[in-house]
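Tertiary structure, described
What follows is each chain in one-letter form.
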Amino acid sequence: MANVTDLQTKYSKLAQEYSKLRAQNQVLKKAVIDEQANSLSLKEQLKQRDQSLRKQEQEMDSLSFRNQQLAKRVELLQEELAVSEAKGKKGKSKGDSPSQHGLETKSVFDEDLQKKIIENERLHIQFYEADEKHKKQEAELKSRLQELEKDSEQHQAIVDGLTTKYMDTIERLQGDKARLEVKSQMLERETKECRVRTEECQQQLRRCQSELNRQVKQSSSVIQEKVPFNDTKFSDYNSLNVPPHNRRHQLKARDVAGQALSFIQDLVAALLNFHTYTEQRVHIYPRDSSIETISPLNQRFSQYLHENAAYVRPLEDSFLQLHQSITEDTVTVLETVVKLKSFADHFSSYTHFLQKILPYQLKSLEEECEAPLCTAALTAKNQELQNDIKKVTSIFEKLQSYITVLALPSVCQDALPQSSTSAVFTQLAACLHSLHDAIKEMSKHYNQKASLEQELPTVTQKLSTTSECLLGSLGSLTSSTGKIATFFSNNLDFFTSPGYSPRGSTATLNPLQAESMLAYKKKAVAYIHAIKQPKPQSVPYREALSNRRVLTSSTESREGLTQQVQQSQEKIARLEQEKEHWLLEAQLGKVRLEKENQRIADLESQLAAALGGGVSPPTLAAAASPAPAQEEAEGAAGKEATLCTSLVGMLCTTPSVEHVGDEESREQLIKTHYMARVGELTTQLQISDSKAVHFHSECRALARRLAIAEKNRETLSEEVRLANQNITRLQDELATTKRSYEDQLSTMSDHLCSLNETLSKQREEIDTLKLGNKANSKKNKGR
């Protein structure tokens, strides 16, 4: 699970980086679009300049052609003038009429020549002005071209940086994908092993279920014959109608409380961030506390906001205690959830905190509206935010009233009927949705306000950063409230359904019945465990009743019987000691008898050796007299040495008066042997039962682990699929952006080439014109 959380954190970081890159990409796209529009406008301007340049070139061509014509005309006139002068010199001798005619023609040529000179000067002036204008245009185009080249280089650097960043991101995602594939393979192997174990467990579970179904049928046939206890006079006795313990309801309640705890933790974190960043904004805008003192109203507002953790943190702590109080071995209804009251109290204190800071929030927004640079749009957004804050505070008050009503049954019994509980839960779900909508609307208005503030000339980086953080906290607050509202709506059926109700009635469950239910549950568990223990053979009912009567009648003489038992035990112990004493005495007597027989045999051998084979009658009588005693001793020894063998073992007995006691001891030995054997079998049976229970619990745990592993595998596969989709999408976007930038660069390079060609042509034409002008000026000077 730790690896999964690490992967989730990594993917969240990657998602944040991707969102940042995507925002940067949008900005760059916008910049590229603007540059494209600028380039299009520049292209249009360049076309217009080209057209004007072509017109000027045409005019220059026409003027040069006209100039050439005029030059030829001047040359012709000069030639004619020379010819006329030559003719005049030759014809001086003629009369006055030819000279007068020559003077008239010369004056005509002089006037024509003066006109042509004036026209030539005018054309030179126009040519000079056109040349200067062309140079200025050429300089402007060169500077614009340099700027465009710089912009293209900057865009190329940005494109290269984005390309490297996207490639790094793709490589990192590919590495994560490879690790996830390896992990998924490992999980698949574990899943296969778990499936094998699950099949074995399912087989055992089927056997257990068949046995349990049989027992359930037997028990249900007995339960259906029972009638619920209903006392119309004393309703307190109706607590005997205890409903059965619903383990599924408890597990569902535990799961729901865990999900709600995670959502409450997100909500608490979002509220803490919102209040903290609001406090920072109060110190920055409309007056910066580092430069000048803020107003007393904002100072008090900042003090109240600084205390927000004392009101927000207890919400998470109290709900955590509520979650910990819901276990599998408890009864979870509104009447027994005592920790809900503390959560309601802490929520009420937070609502009072919101009511306390509400006027300061409104006054702070009014103070922002009174700032000198506040525009009409900002004033309108501040008024909308005032309405949103009022709406959110009123919704929190409604939530506080609903939660307080739901916490009443745990304090006061029969405070809320089941129908009212369903209505309260329904209204609470609707109120949560309205809270989500109000906070979403407030976040939208604040976002618009922040965008308007960015346009102000006095906005600082600190204010921009604080506004972005505040927008982020509002976004997380919107997300957490939306999750809570969706979660509550999805589990509304569970909240409104009665989990427990007494048998034979539709009333709610009181704490006394809950305690009785838990007590009966413990007794049932103990009874089930006791059933698994081996029991002696059952006694018939009639015999059991007679034995009960005998036992009840003999309770008075119990003390006497105990005294008799103690006395008999003391007597038995004393007899056992005497028995051991006499056994020792018998062994000593046997040893003494053996010694006496040995001594008598020695005496007889000595006597026979002394008499040398002759024996007198008294001596024989004396020698024979010990024989009966020896026989009696041997008989006694034979009596003591009698052995009794059986399947149980060997027992040494003597055929005396104590023979009956030996048989009783033999029966006692047999009884103790079999009792020990029965005890061993009982312990073995208990061990096997405990092993079976352990295996059953292990199988259930394995089944749960398998289900969790399946869910994790599904989530991981879904994450891998989403990651692959993100990778492909990023690759597509990268390819499209790269292609678009390459197309733009190619078009810009083509355009630059065409501009260079046109500039080179213009330079050549200008050079040719300059050369032509120089030649014309030289000719004019020569003239």
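About the thresholds
Residues numbered from 1 in each chain as written. Predicted model: local features only at pLDDT ≥ 70, side-chain atom pairs only at ≥ 80, totals over all residues. Heavy atoms only, no water. Helix = DSSP H or I, 4+ residues; strand = E, 2+ residues; numbered from the N terminus. Buried < 20%, exposed > 50% of the residue type's maximum accessible area, 1.4 Å probe, protein only. Areas by Shrake-Rupley, 256 points an atom, 1.4 Å probe, with all protein chains shown as cover. Core = buried A, V, L, I, M, F, W, Y, C linked by side-chain atoms within 4.5 Å. Contact = heavy atoms within 4.5 Å. Patch = residues over 30% accessible without salt bridge, like charges linked within 9 Å, V, L, I, M, F, W, Y side chains within 5 Å. Salt bridge = Lys/Arg side-chain N within 4 Å of Asp/Glu carboxyl O. Lys, Arg positive; Asp, Glu negative; His and termini not counted. Charge placed at Lys NZ, Arg CZ, Asp CG, Glu CD. pLDDT = per-residue confidence, 0-100. Phe/Tyr/Trp six-rings, centres within 6.5 Å; stacked < 30°, edge-to-face > 60°. Axes fitted to C-alpha atoms, helices over the stretch in contact; angles between N-to-C directions. Parallel < 35°, antiparallel > 145°, perpendicular 65-115°, else oblique. Left-handed = near helix turned anticlockwise from the far one by under 90°. Disulfide = S-S within 2.5 Å.

Below, the discussion takes up the overall build of the protein. Across its full length, the protein carries 16 helices and two strands. The buried share of the protein, taken over its 783 residues, is 27%. When the accessible area of the protein is evaluated, it comes to approximately 51,800 Å², of which 56% is carbon and sulfur surface.

By size, the foremost hydrophobic cluster in this structure holds 57 residues, and its most contacted members are Leu-340, Tyr-350 and Phe-488. Considering every element that reaches this core, the biggest residue donor is helix H3 (residues 247–284), with 13 residues. Setting aside residues up to four positions removed in sequence, Phe-488 forms contacts with Phe-425, Leu-428, Ala-429, Leu-432 and Phe-495. Counting 14 residues, the second-largest nonpolar core is a separate cluster that includes Leu-14, Leu-21, Val-32 and Leu-162.

With that settled, consider a negative patch on the surface. A surface patch of like charges, here negative, comprises Asp-61, Glu-764, Glu-765 and Asp-767. Take the negative patch: its biggest share by element is three residues, from helix H16 (residues 659–782). When you line up the elements, Asp-61 lands in helix H1 (residues 2–90). A residue is classified by how much of its surface remains accessible, and Asp-61, at 47% relative accessible area, is partly exposed.

What follows deals with the confidence of the model for the protein. Considering every residue of the protein, the mean pLDDT works out to 77; 79% of them sit at 70 or more. For residues 614–660, every residue scores under 50 in pLDDT, and the model assigns this stretch 36 contacts once sequence neighbours within four places are set aside.

Taken as a whole and assessed by the stated rule, the structure comprises 12 aromatic pairs. Taken together, a centroid distance of 4.7 Å and an interplanar angle of 15 degrees make the contact between Tyr-311 and Phe-353 stacked. Of the two residues, Tyr-311 sits in helix H5 (residues 309–325) while Phe-353 sits in helix H6 (residues 339–369), which places them 42 residues apart along the sequence. Accessibility expressed as a relative area gives 1% for Phe-353, which makes it buried. With a centroid separation of 5.8 Å and an interplanar angle of 75 degrees, the aromatic rings of Tyr-350 and Phe-396 are classed as edge-to-face. Of this pair, Tyr-350 sits in helix H6 while Phe-396 is found in helix H7 (residues 376–407), placing the two residues 46 residues apart along the sequence. Comparing Tyr-350 with Phe-396, the two get one shared label, buried. A connected cluster of aromatic rings, assembled from ring pairs, spans Tyr-311, Phe-319, Phe-343, Phe-347, Tyr-350, Phe-353 and Phe-396.

For the pair H3 and helix H4 (residues 296–306), interaxial distance at closest approach is 9 Å and the crossing angle is 160 degrees. On the basis of the axis angle, H3 is roughly antiparallel to H4. In this structure, H3 crosses over H4, and the sense of that crossing is left-handed. Note on element contacts: H4 touches H3 through Asn-298, Phe-301, Ser-302, Leu-305 and His-306, opposite His-275, Thr-278, Glu-279, Val-282 and His-283.

Two elements in contact, H3 and H5, have axes separated by 9 Å at closest approach and are oriented at 170 degrees. One finds that H3 runs roughly antiparallel with respect to H5. Residues Arg-254, Ala-257, Gly-258, Ala-260, Leu-261, Ile-264, Gln-265, Val-268, Leu-271, Leu-272 and His-275 of H3 lie in contact with H5, whose contacting residues are Ala-309, Val-312, Arg-313, Leu-315, Glu-316, Phe-319, Leu-320, His-323 and Gln-324.

What follows is about the pattern of salt bridges. Within the structure shown, the criterion is met by 20 salt bridges. Glu-453 is the partner of Arg-281 in a salt bridge, and the nearest nitrogen-oxygen pair spans 2.5 Å. Here Glu-453 lies in helix H8 (residues 418–454) and Arg-281 lies in helix H3, a separation of 172 residues in the sequence. Glu-366 is the salt-bridge partner of Lys-363, the closest N and O atoms lying 3.9 Å from each other.

Right, let's talk about the state of the cysteines for a bit. Following the criterion strictly, the structure yields zero disulfides and no others. Just so you know, Cys-369 is unpaired, no disulfide at all, and the nearest cysteine sulfur is the one on Cys-374, 4.9 Å from it. The exposure class assigned to Cys-374 is buried, which follows from its relative accessible area of 16%.

A surface patch of positive charge is lined by Lys-135, Lys-770, Lys-774 and Lys-778. A per-element tally of the positive patch places H16 first, with three residues. A relative accessible area of 37% places Lys-135 in the partly exposed class.

Attention now moves to the environment of Glu-119. Structurally, Glu-119 can be placed in helix H2 (residues 96–223). Here the alpha-carbon distance between Glu-119 and Asn-67, two residues 52 residues apart in the chain, equals 9.1 Å. Other than its neighbours up to four places away in sequence, Glu-119 contacts Arg-66 and Leu-70.

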